[in-house]
Amino acid sequence: MNIVIFGPPGAGKGTQSNYIALKYKLHQLSTGDLLRKEIKIQSQLGKKISSTIDSGNLVSDDVVSNLIEKFISDGSLKNRLIFDGYPRNLNQAKNLDSLLKKYDQKIDLALKLSVSLETIKKRILSRKIHEKRSDDVESIAIKRFETYEKNINSVIEFYKKSNLLRVVNGEGSIHEISTEISDIIEGNKG
Ligand code: AMP
């Protein structure tokens, strides 16, 4: 199956995607990680996008779409993708559907992690100590949260309409959240 997972910054998308990927032998496709990699290797693209990421805004839809097509077109990953942090807006959700269709695939499940701003602030500050992400300072984290809130409703509606949306309570422990996600996936497989 192909899964989409989204939620505000610090909601635990990366942690939970990693867990699902290992448990169900899927490939974790994190657009945030792909973009940070471009910055790290100082590619042309990396140089272009670093200020956007550090301002808490979204990188352009075309750039991200180009990055993910490589994985969607890879036959060895067919129907084994978990999209971590993609789509972030309605245009990306539509792009993803067309890209998947082009390679004879579809989304089977859309997971939304629901977390309050208070919890997010705490998690991001603690992550900053461990991962040293340049966009994990409080002011940018708040901006990223606002960017998320501004764009995500249309994505939620998009997946609700096709009956793929499942909301997960992201306030609990890592284990509680992953158990809830596993239950949803198991229920979905049948
Ligand atoms: P993340 O690691 O998912 O928190 O993403 C970190 C940053 O990368 C975001 O704040 C955006 O600037 C950028 N980014 C990640 N995924 C996307 C996406 N699907 N579309 C646009 N920008 C993205």
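Above this text you will find the structure in question.
Residues numbered from 1 in each chain as written. Predicted model: local features only at pLDDT ≥ 70, side-chain atom pairs only at ≥ 80, totals over all residues. Heavy atoms only, no water.

## Remarks on the packing of aromatic side chains
- As enumerated under the stated definition, the model contains 2 aromatic pairs in all.
- On the numbers, 5.1 Å between centres and 90° between planes, the contact of Phe158 with Tyr159 is edge-to-face. (Phe/Tyr/Trp six-rings, centres within 6.5 Å; stacked < 30°, edge-to-face > 60°.)

## Observations concerning the pairing of strand β1 (residues 3-6)
- Of the two faces of β1, the one carrying Ile3 and Ile5 and the one carrying Val4 and Phe6 are both buried.
- In the sheet, β1 pairs with strand β3 (residues 81-84) via 3 bridges, with the strands oriented parallel. Looking at β3, one finds that Val4 is bridged to Phe83.
- Relative to strand β4 (residues 109-114), β1 runs parallel, the two sharing 4 bridges. In the sheet register, Ile3 faces β4, and the bridge partner there is Leu109. (Buried < 20%, exposed > 50% of the residue type's maximum accessible area, 1.4 Å probe, protein only. Helix = DSSP H or I, 4+ residues; strand = E, 2+ residues; numbered from the N terminus. Pairing = 2+ DSSP bridges.)

## Points about the site of the ligand
- Of all residues adjacent to the ligand, which total 16 residues, the nearest are Thr31, Arg36, Asn57, Gly85 and Gln92.
- One nitrogen or oxygen atom from the main chain of Asn57 is found 2.6 Å from an oxygen atom belonging to the ligand.
- Considering the ligand on its own, with 480 Å² of exposed area, one finds that the protein chains cover 96% of that surface.
- Take the shell around the ligand: its biggest share by element is 4 residues, from helix α2 (residues 31-40).
- A per-class count over the shell around the ligand returns 6 nonpolar, 5 polar and 5 charged. (Near = heavy atom within 4 Å. Polar contact = N/O pair within 3.5 Å; in protein donor to acceptor, adjacent residues only side chain to side chain. Areas by Shrake-Rupley, 256 points an atom, 1.4 Å probe, with all protein chains shown as cover. Nonpolar A, V, L, I, M, F, W, Y, C, P; charged D, E, K, R; others polar.)

## Notes on the environment of Asn153
- Turning to its location among the elements, Asn153 is positioned in helix α7 (residues 138-161).
- In this structure the C-alpha to C-alpha distance between Asn153 and Arg88, which are 65 residues apart in sequence, comes to 9.8 Å.

## Describing the pairing of β3
- On β3, burial covers both faces: Leu81 and Phe83 on one face and Ile82 and Asp84 on the other are all buried.
- Here 4 bridges tie strand β2 (residues 27-30) to β3, and the two strands are oriented parallel to one another. The residue bridging Leu29 from the neighbouring strand is Phe83, located in β3.

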